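This is what each chain is made of:
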Amino acid sequence: MALENLTPAPGSVANRKRIGRGQGSGTGKTAGKGNKGQKARTGYSRKRNFEGGQQPLARRLPKIGFTVLNDKPYVINVERIPAVAELAEITMETIRSVHKLGKSVTKVKLVGSTAKDLASKIKDENVLTTGK
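Residues numbered from 1 in each chain as written. Predicted model: local features only at pLDDT ≥ 70, side-chain atom pairs only at ≥ 80, totals over all residues. Heavy atoms only, no water.

### Things to note about the nonpolar core
With 15 residues, the main nonpolar core has Ile90, Ile95, Val108, Leu110 and Val127 as its most contacted residues. Setting aside chain neighbours within four positions, we find Val127 in contact with Ile90, Thr91, Met92, Ile95, Val108, Leu110 and Ile122. (Core = buried A, V, L, I, M, F, W, Y, C linked by side-chain atoms within 4.5 Å. Buried < 20%, exposed > 50% of the residue type's maximum accessible area, 1.4 Å probe, protein only. Contact = heavy atoms within 4.5 Å.)

Encoded structure:
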């Protein structure tokens, strides 16, 4: 068996249909497009999803199944909740011990005029602070 002896399986390769090449070819005159009309014209292309003017299925069905990936952090003002500022070490667990947080809260941002002073106490990457 050599490369020059390889041939496709019998019946697997068909000749290309040459349209618009005379009446004898079987696809002459109208080139297999029927008679007249928009679909017979050059450059015609139907829009994707087009259903003849009827409201397309994709627009009739409700949109479902999207979740925001860049979730915003839960904001805590340290002036209003001084217990957070008094913590020796600020992590998600210690904040939960002094302030009620929902189970879905994964990030916390500390705001307020004294929040940037707490940056040295923060020991968790999920706790952010404003300023430098």
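### Considering the pattern of salt bridges
Tallied over the entire structure, the rule returns one salt bridge. For Arg60, the salt bridge goes to Glu51, with nearest N and O atoms at 3.2 Å. Residue Glu51 is classed as partly exposed on the basis of its relative accessible area, which comes to 29%. (Salt bridge = Lys/Arg side-chain N within 4 Å of Asp/Glu carboxyl O.)

### Side note on the pairing of strand 2 (residues 108-111)
Across four bridges, strand 1 (residues 74-77) lies against strand 2 in parallel orientation. Looking at strand 2, one finds that Asn77 is bridged to Val111. (Pairing = 2+ DSSP bridges. Helix = DSSP H or I, 4+ residues; strand = E, 2+ residues; numbered from the N terminus.)

### Overview of a nonpolar patch on the surface
Taken together, the side chains of Met1, Leu3 and Leu6 make up a nonpolar region of the molecular surface, amounting to roughly 460 Å² of accessible area. Within the fold, Leu3 resides in the segment before helix 1 (57-60). The exposure class of Leu3 is exposed, given its relative accessible area of 73%. (Patch = residues over 30% accessible without salt bridge, like charges linked within 9 Å, V, L, I, M, F, W, Y side chains within 5 Å. Areas by Shrake-Rupley, 256 points an atom, 1.4 Å probe, with all protein chains shown as cover.)

### What to know about the confidence of the model for the chain
Residues with a pLDDT of 70 or more make up 98% of the chain, whose mean pLDDT is 90. Strand 2 holds the highest mean pLDDT among the elements of the chain, 94, whereas strand 3 (residues 127-129) holds the lowest, 89. (pLDDT = per-residue confidence, 0-100.)

### Observations regarding unusual backbone geometry
The backbone of Lys36 shows a phi angle near 45°, a positive value even though the residue is not glycine. Along the chain, Lys36 falls in the segment before helix 1. Phi is positive for Asn49, which is not a glycine, with a value near 75°. Considering the arrangement of structural elements, one finds Asn49 in the segment before helix 1. Under the relative-accessibility criterion, Asn49 is labelled partly exposed at 43%.

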